[in-house]
Amino acid sequence: MSAHIPTLHTARLTIRPFALADATNVQRLAGAAEVAATTLNLPHPYLDGMAETWIAGHEERAEQGIGLTWAIVRRDDAVLLGAISLGLHARHPRGGLGYWLGVTYWNQGYTTEAAYRVVTYGFAERGLYRIEAGCFPRNRGSSRVMEKIGMRYEGTLRGYLRKGETMEDVAMYAVLRSEFPIQAG
Ligand SMILES: CC(C)(COP(=O)(O)OP(=O)(O)OC[C@H]1O[C@@H](n2cnc3c(N)ncnc32)[C@H](O)[C@@H]1OP(=O)(O)O)[C@@H](O)C(=O)NCCC(=O)NCCS
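## Section: the pattern of salt bridges
If you walk through the whole model with that rule in mind, you get 9 salt bridges. One salt bridge connects E147 with R140, and the closest N-O pair in it is separated by 3.7 Å. A single salt-bridge network, built from bridges that share partners, covers R130, E132 and E154.

## Observations concerning the pairing of strand β5 (residues 94–101)
Judged from the 7 bridges that link them, strand β4 (residues 80–88) and β5 form a sheet pairing that is antiparallel. Looking at β5, one finds that G82 is bridged to L101. Counting the residues in the hairpin turn of β4 and β5 gives 5 residues. Judged from the 3 bridges that link them, β5 and strand β6 (residues 130–135) form a sheet pairing that is parallel. If you follow G95 over to β6, its bridge partner there is I131. In this region the chain leaves β5, passes through helix α5 (residues 110–125) and returns to the parallel neighbour β6; the handedness of that crossover is right-handed.

## Focus: the site of the ligand
Taken together, 22 residues form the shell around the ligand, and within it T38, N107, T112, R144 and K148 come nearest. Measuring from an oxygen atom of the ligand, one finds a side-chain N or O atom of T111 at 2.8 Å. Broken down by secondary-structure element, the contributors of at least two residues to the shell around the ligand are β5, α5, β6 and α6 (140–148).

## Some remarks on the pairing of strand β2 (residues 13–16)
Inspection of the sheet shows strand β1 (residues 8–9) paired to β2 by 2 bridges, in the antiparallel sense. Note that in β2 the partner of L8 across the bridge is I15. In this antiparallel pair of consecutive strands, β1 and β2, the connection spans 3 residues. Strand direction decides the pairing type here: β2 and strand β3 (residues 67–74), joined by 4 bridges, are antiparallel. Bridged to L13 within β3 is R74.

## So, the sheet that holds β1
Reading across from one edge, β1-β2-β3-β4-β5-β6-β8-β7 is the order of the 8 strands in this open sheet, with mixed pairing throughout. What marks the edges here is a single partner per strand, and that holds for β1 and β7 (152–163). Relative to β4, helix α1 (residues 23–30) is tilted by about 90°, and along the sheet it contacts β4 and β5. The strands that α5 touches are β1, β2, β3, β4, β5, β6 and β8 (166–176); relative to β4, the one it contacts most, it runs at about 30°.

## Describing the packing of aromatic side chains
Applying the stated criterion across every chain yields a total of 5 aromatic pairs. Through a chain of ring-to-ring contacts, the aromatic side chains of Y116, F123 and F180 assemble into a single cluster.

## Quick word on α1
Those residues of α1 lying buried are A23, V26, L29 and A30. Within α1, the buried residues cover an arc of 130° as seen down the axis, which keeps them to one side. Every exposed residue of α1 that faces more than 90 degrees away from the buried side is listed here: T24 and R28.

## So, unusual backbone geometry
Omega for the peptide link from H44 to P45 comes to 5°, which places this bond in the cis form. On the secondary structure map, P45 appears in the loop between α2 (33–36) and α3 (50–56). A positive phi angle, close to 60°, is found at A78, a residue other than glycine. Residue position: A78 is located in the loop between β3 and β4.

Conventions and cut-offs
Note on numbering: residues in each chain are counted from 1, in written sequence order. Since the coordinates come from a predicted model, pLDDT governs what is reported: local features require at least 70, and pairs of side-chain atoms require 80 or more to be given and counted, while whole-chain, interface and lining totals use all residues. Calculated side-chain values reflect all of the structure's heavy atoms, with hydrogen atoms and water omitted. Within this document, salt bridges are pairs made up of a side-chain nitrogen of Lys or Arg and a carboxyl oxygen of Asp or Glu, the two lying within 4 Å of each other. For two strands to be treated as a pair, DSSP must find at least two bridges joining them. The helix count covers DSSP runs of H or I at least four residues long, the strand count covers runs of E at least two residues long, and both are numbered beginning at the N terminus. Handedness of a crossover is defined as follows: with both strands directed away from the viewer, a clockwise route from the first strand across the helix to the second makes it right-handed. Working definition: residue near molecule or strand if any one of its non-hydrogen atoms lies within 4 Å of it. N or O atoms closer than or at 3.5 Å make up a polar contact, with two conditions inside protein: a donor-capable atom paired with an acceptor-capable one, and, for residues adjacent in sequence, both atoms drawn from side chains. Contact criterion: two residues are considered in contact whenever any of their non-hydrogen atoms come within 4.5 Å of each other. Only the stretch in contact is used when a helix axis is fitted, and all axes are lines through C-alpha atoms; the angle between N-to-C directions ranges over 0 to 180 degrees. Pairing of aromatic rings covers Phe, Tyr and Trp, the last through its six-membered ring, and needs centres within 6.5 Å; plane angles under 30 degrees mean stacked, over 60 mean edge-to-face, and all others mean tilted. Burial status follows relative accessibility: with a 1.4 Å probe on protein chains alone, a residue under 20% of its type maximum counts as buried, one over 50% as exposed, and anything between as partly exposed. Taking the helix axis as origin, the arc is that swept by the directions to the C-beta atoms.

Below you can see the structure in the form of C-alpha cells.
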C-alpha cells in the first residue's frame, strides 16, 4: 500500500508499488549484465543494499512529485517481472518514462502492456501533456516498446550520457496527450 503510488492493472499485469520484500528479486533481475548493458542509469554491479535503498526512496519521491516507480508483477502467479517509472517535471506537465524487465521475461509484450497503462495513467490522471522516453540507439527492444505505445521518434541527442568509459547517444521518443488513444478501464 502506498498513499502516493496507485496500483494499476492490465490484462496480464499488476503494476504496484515496490515493497522491501521485493529487494532480493530486484537485485537478481536488475543485476543481470544484459539489463545493465542498455539501461540509462542502473548501477552495475548491483550491490547488496542498493535495492533496499532504492525501494525505500520511492514513497518520498512520489510524495514530492519527483516521480512514481512501480513493480511490474504478473497477475497469474504474482512473479516480479521488472520495474517501470514515470518521472514528473516540477513546472511543466511533462513525464519521462523508464523501464527494465528481467531477461527471462523479454519479448512477451509485458513492457509494452505496462508502459501503455502507465502512459494512460499519466495523461488521464496526472494531467500530463507530453510523455517522453529515451534509449540508446542500439536498444531496438526499447525503441520498439516506445513505437508500439504510440511514441514518435524526435531525434538523437549526441554524446548525451556517460556509460562506463563511453559517451553515448540517446534517441528520444515522445507522445502528446492529443495523439494518445486513452481507453476506458
Ligand atoms: C527494453 C525492454 C524493457 C523491453 O521489454 P520487453 O518486455 O521485452 O518488451 P516487449 O516484449 O513489450 O516489446 C519488445 C519489442 O522489441 C522487439 N525487439 C526485441 N529485441 C529486438 C532487437 N534486437 N531488434 C529488433 N527488435 C527487437 C521485440 O520483437 C518486440 O517487438 P514486436 O512486438 O514488434 O515483435 C527489455 O528488453 C529490457 O529490460 N532491457 C534491458 C533494460 C533496458 O534496456 N531498459 C530500457 C532502457 S531505455
